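# Architecture at a glance
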Amino acid sequence: MAALGGDGLRLLSVSRPERQPESAALGGPGPGLCCWVSVFSCLSLACSYVGSLYVWKSELPRDHPAVIKRRFTSVLVVSSLSPLCVLLWRELTGIQPGTSLLTLMGFRLEGIFPAALLPLLLTMILFLGPLMQLSMDCPCDLADGLKVVLAPRSWARCLTDMRWLRNQVIAPLTEELVFRACMLPMLAPCTGLGPAVFTCPLFFGVAHFHHIFEQLRFRQSSVGSIFLSAVLGQEEHAGVVTRGLPVSSVPVLLHSCLRCLHCFPLHPHRQSRGFHSGHLIGPVLCHSFCNYMGFPAVCAALEHPQRRPLLAGYALGVGLFLLLLQPLTDPKLYGSLPLCALLERAGDSEAPLCS
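Worth saying up front: this structure is predicted, and the values here are computed from it rather than measured.

Looking now at the pattern of salt bridges. By the definition in use, this model includes five salt bridges. Of the charged contacts, one joins R62 and D63 as a salt bridge, the two residues approaching to 3.9 Å between their closest N and O atoms. Using a relative accessible area of 18% as the deciding quantity, one classes R62 as buried. For D63, a relative accessible area of 22% translates into the label partly exposed. Among the charged side chains, a network of salt bridges with common partners joins R62, D63, R163 and R166.

Here you go:
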C-alpha cells in the first residue's frame, strides 16, 4: 500500500463504489423533490382529515350525537383511504420500503404485547401527579372505583355514549393512523428520524385550530372562564362546559393556540413510542389516555389542600418518566423496526436506532 504512494491511495478511494439512496438507484427524483412530495402529501392528509369534518352542513354543535355520527363516517372514510396516499408517495419518490405497507404503518403482531403495555405504562407514570389529584378529588374509594371500572354496565353505557366513543376510540385511532402511521414513513426519509418525530405534531397541532370556528359559533363563556379552561386543559371531552357571556374572538384564539401547544409536547412522545416499538397500538392507547386525562391542572394543584404531596407526585412522575424513558423504549423489546428498512433503502442507514 505504501508503494502505491499518494496517487495510488487517491485512486483506491475514487474507485471505491459509494452507496446511493434507493430513489437515486432506481432513477427516481432527487432528494429535494422527494421532500416536497412528502410535505405536500402530509399537508393533503391533514387538510383532508379536517375538511371531512365539515362536509356535513349543520347548525348543531359538535357534541350533538347526530353531528358526531356524521363525523364518524367522514373521518373513517378518510382514514381508510389515507394508506393510498402513502402508496402514491412511494410511486412518486421511487422509495421502496422493503416491507409491506401495513407493517410499515404499524399493523403487525411481532412484539405487540410490550408495544401495547409499556408505552401506556410510561405515559401513566408521566401523569402520576394528575392521577394522584384525580384520586384525591374522587368521592369514592379505590374498591368502589374498581367496581365501577370493571362493571359491564359501565362499559355498556360508555359504548353507547357518542362523546366517549369519539374521544376514547375514534379520534385516537383515526388521528394516529393519519398523523403518525401515514405521515411518519413519508417524512422520515426526507428529514431524518428526529426531525420527523417533531414535524408530524406540527400537522397534528395546527389541525386542531379548526375548533376556533365552532367555538366562535356555539361556545358561550366569559373571558375568565375560557382562559381558565384553556390553561387547565378542561375541554368539552372532559365533560366541562363553561357558561356565561358571549366570548370575543381573542380568548377563543388563545384557547385554540393553547390546544395546539397542548398537542405538541404530547404528540412527539406518542410519535417516539410508535417509532421505537414499530406498532400503532401503543400511540393509540396513549392518545386515548391523554384525551381522558386532559392537560394537567397545575393551577388547581397549587391551590389544593394537599398540594405538598400532590406536587411531589408531579415531580416524581416527571423524574421517573425521564429515568425509565430509555429502558422502556429500547427497540429490542419490540422486535425489528420496519422504519429502519425504509431508511436504509432511502440511503439513511446511519440513524442511531437503526445501526
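Judged by nonpolar contacts, the single largest core of 40 residues is most densely connected at L45, W89, F179, M183, M186 and F203. At the level of elements, α3 (31-52), α4 (65-93), α5 (101-104), α10 (162-191), α11 (193-207) and α18 (338-345) are the ones that each hand at least two residues to this core. Counting residues per element, this core draws most heavily on α10, at 13 residues. Every residue in contact with L45, bar those within four places of it in the chain, is listed here: S82, C85, V178, C182, M183 and M186. Listed in part, the six residues of the second largest apolar core include A115, L118, L122 and F321.

Attention now goes to the side chain of S288. Turning to its location among the elements, S288 is positioned in helix α15 (residues 281-293). Here the side chain of S288 touches Q168 through a polar contact of 2.9 Å, landing on its backbone oxygen. Once you skip the residues sitting within four places of it in the chain, S288 turns out to touch Q168 and P172.

Scoring rules and cut-offs
- Residues numbered from 1 in each chain as written.
- Predicted model: local features only at pLDDT ≥ 70, side-chain atom pairs only at ≥ 80, totals over all residues.
- Heavy atoms only, no water.
- Salt bridge = Lys/Arg side-chain N within 4 Å of Asp/Glu carboxyl O.
- Buried < 20%, exposed > 50% of the residue type's maximum accessible area, 1.4 Å probe, protein only.
- Core = buried A, V, L, I, M, F, W, Y, C linked by side-chain atoms within 4.5 Å.
- Helix = DSSP H or I, 4+ residues; strand = E, 2+ residues; numbered from the N terminus.
- Contact = heavy atoms within 4.5 Å.
- Polar contact = N/O pair within 3.5 Å; in protein donor to acceptor, adjacent residues only side chain to side chain.

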